[in-house]
Amino acid sequence: MNVLVVGGNGREHTLVWKIDQSPLVDRVYCVPGNAGIAELAECRSMPWEDNFDQLADFAESVKIDLTVVGPEAPLANGIVDAFQERGLRVFGPNRNAAVLEASKDFAKNLMVENGIPTAAHRTFRNPYEAIAYIKEVDSPVFVKAVGLAAGKGAVAGRTVEAAIQAVKTIMIDREFDDAGDQVVIEEELIGEEASFFVFTDGSYCLPLASSQDHKMSLDGDQGKNTGGMGAYSPAPVITPELQDYVMRRIVHPTINGMNSQGRIFKGVLYVGLMVTDDGPKVVEFNCRFGDPEAQVLLPRMETDLVPVLESCVDGTLAGVDVTWKPGSAVCVVMASGGYPDAYEKGKVISGLNDANALKDVAVFHAATKAQNGQTVTDGGRILGVTALASDLESAVGRAYQGISEIHFDQAHFRTDIGYRALARTT
Ligand code: AMP
Ligand code: GLY
């Protein structure tokens, strides 16, 4: 069969890498892809985020049997609906279901209606009412743009002044454009975060291995919120008891709540959790694999991914089993200096082959492109170096060994990926 992967980041490189290993697959295509993906798949450049006619024409012309959508934007914009109308099989939620990520207000209401544990919240259309509310509660909050903001739309408001500034940035300066038409203001949850993923066919839910990412730009979780600076799996904070609780109190009520509104969620449901003293609470829902979490989860997945994706699409997930490699996987992201704020592009990257040659190390490209026979930087997060090992400490060491082989001007990476889990195990 032929598979098309949509997207061009580290998550999509990992999907292509895993799908390419399936004995069921003849050819893998990717739109738009990147320099690393181009080594495994045939990449094409065409609209893919919010206009799907050309993409569907392409899928028909090269006889794609399954399309796998990586990022949230095309899902929120209805790529699944557009492909299904043309009779094309596609993995991911349709527009009606992807609203679970695309609107934080929708997600919060769904949680309230279904008794799903989450932070108390209010939604505002009017910035001055939001500011009045912040002054009234006078305790630490998170201020969030209601729409999609590339993982950067949540701002900590630990003081009244900081929270008011966040409202101004989102609603008045419109840093995230229309995504900031409304804000959700919620209480700050205290605890340890974890990322919890399930495959689902809209009814049956199959959990993936646990993982945790590092969202802040600097060591010690300082700096700014980013798309993710590194990840590891498993995350010891997710015990088997906690997993049961999350499935029972969060995942099933979410899928059932969506079903009762006629929103059949098929694909990967990503539950961002805060494990508080009061138990796990939902920080956010996403409608896709995490990035960089996919870069540690898929390399740990022993089972062929393709039949699992097909079962989600076909509604036959019940009875499907997935096995995970023992040991740990760690991914360290290398970003452009300045990210998540302004950065320069076009820096030449060296050492990729040396890093890839290390045992159990794989370099997944995020924002790279080929230029005059060289690989150059082309965005904020440039690549992720993933290492597998029998234990977390060795995996961390191996990932940083890979990082030390790779060079580009002003490269930035965190030096403490996995620190919370290491503190638990040592
Ligand atoms: P979100 O865009 O909703 O995923 O938020 C991004 C990040 O902000 C999360 O991964 C958390 O680290 C943090 N965050 C968001 N909401 C809260 C909250 N209510 N309490 C504590 N941290 C939060
Ligand atoms: N790692 C965070 C995300 O994928 O949204």
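Bear in mind the structure is a predicted one, so any value in this text is a computation, not a measurement. (Residues numbered from 1 in each chain as written. Chains lettered and ligands numbered in written order. Predicted model: local features only at pLDDT ≥ 70, side-chain atom pairs only at ≥ 80, totals over all residues. Heavy atoms only, no water.)

1. Some thoughts on the overall build of the protein chain
- A count of helical and extended segments in the protein chain gives 14 helices and 23 strands.
- Taken over C-alpha atoms, the radius of gyration comes to 21 Å for the protein chain, in line with the 22 Å a tight globule of 426 residues would show.
- Along the first, second and third principal axes, the C-alpha set of the protein chain runs to 60 × 45 × 40 Å.
- For the protein chain, with 426 residues in total, the buried portion stands at 59%.
- Of the contacts made within the protein chain by residues no fewer than 6 positions apart, 70% connect residues no fewer than 24 positions apart.
- Of the accessible surface of the protein chain, which amounts to about 16,800 Å², a share of 46% is contributed by carbon and sulfur atoms.
- Between the averaged position of the 37 positive side-chain charges in the protein chain and that of its 57 negative side-chain charges there is a distance of 1 Å. (Helix = DSSP H or I, 4+ residues; strand = E, 2+ residues; numbered from the N terminus. Rg over C-alpha atoms; globule rule 2.2 N^0.38 Å. Buried < 20%, exposed > 50% of the residue type's maximum accessible area, 1.4 Å probe, protein only. Contact = heavy atoms within 4.5 Å. Areas by Shrake-Rupley, 256 points an atom, 1.4 Å probe, with all protein chains shown as cover. Lys, Arg positive; Asp, Glu negative; His and termini not counted. Charge placed at Lys NZ, Arg CZ, Asp CG, Glu CD.)

2. Some words on the site of ligand 1
- Neighbouring ligand 1 are 14 residues; K144, E186, L189, E193 and E284 lie closest to it.
- Within the side chain of K104, a nitrogen or oxygen atom sits 3.1 Å from an oxygen atom of ligand 1.
- K144 is positioned such that a nitrogen or oxygen atom in its side chain is 2.9 Å from an oxygen atom of ligand 1.
- In the complex, 94% of the free accessible area of ligand 1, which totals 470 Å², lies under the protein chains.
- Elements with a contribution of two residues or more to the shell around ligand 1: β7 (141-145), β9 (183-187) and β17 (279-286).
- For the shell around ligand 1, the residue count by class is five nonpolar, one polar and eight charged. (Near = heavy atom within 4 Å. Polar contact = N/O pair within 3.5 Å; in protein donor to acceptor, adjacent residues only side chain to side chain. Nonpolar A, V, L, I, M, F, W, Y, C, P; charged D, E, K, R; others polar.)

3. Let's talk about unusual backbone geometry
- Here the bond from V31 into P32 is cis, since omega is -5°, no more than 30 degrees from zero.
- Within the secondary structure, P32 sits in strand β2 (residues 27-32).
- Residue P340 is reached from Y339 by a cis peptide bond, and omega for that bond is 10°.
- Within the element layout of this structure, P340 appears in the loop between β18 (328-336) and α12 (352-357).
- Positive phi, close to 55°, is recorded for K63, a residue that is not glycine.
- Considering the arrangement of structural elements, one finds K63 in the loop between α2 (53-61) and β4 (66-69).

4. A closer look at the environment of V16
- Secondary-structure assignment places V16 in helix α1 (residues 10-20).
- Separated by 17 residues in sequence, V16 and G33 place their C-alpha atoms 9.4 Å apart.

5. Some details on the site of ligand 2
- Residues in contact with ligand 2, as listed here, are D213, K215, G227, Y270, N286, R288, G290, D291, P292 and E293.
- With respect to ligand 2, the backbone of G227 contributes an N or O atom lying 3.2 Å from a nitrogen atom.
- Here a nitrogen atom of ligand 2 and a side-chain polar atom of E293 are 2.8 Å apart.
- In isolation ligand 2 offers 200 Å² of accessible surface; the protein chains occlude 92% of this area.

Limitation: the analysis is restricted to geometry and does not speak to function.
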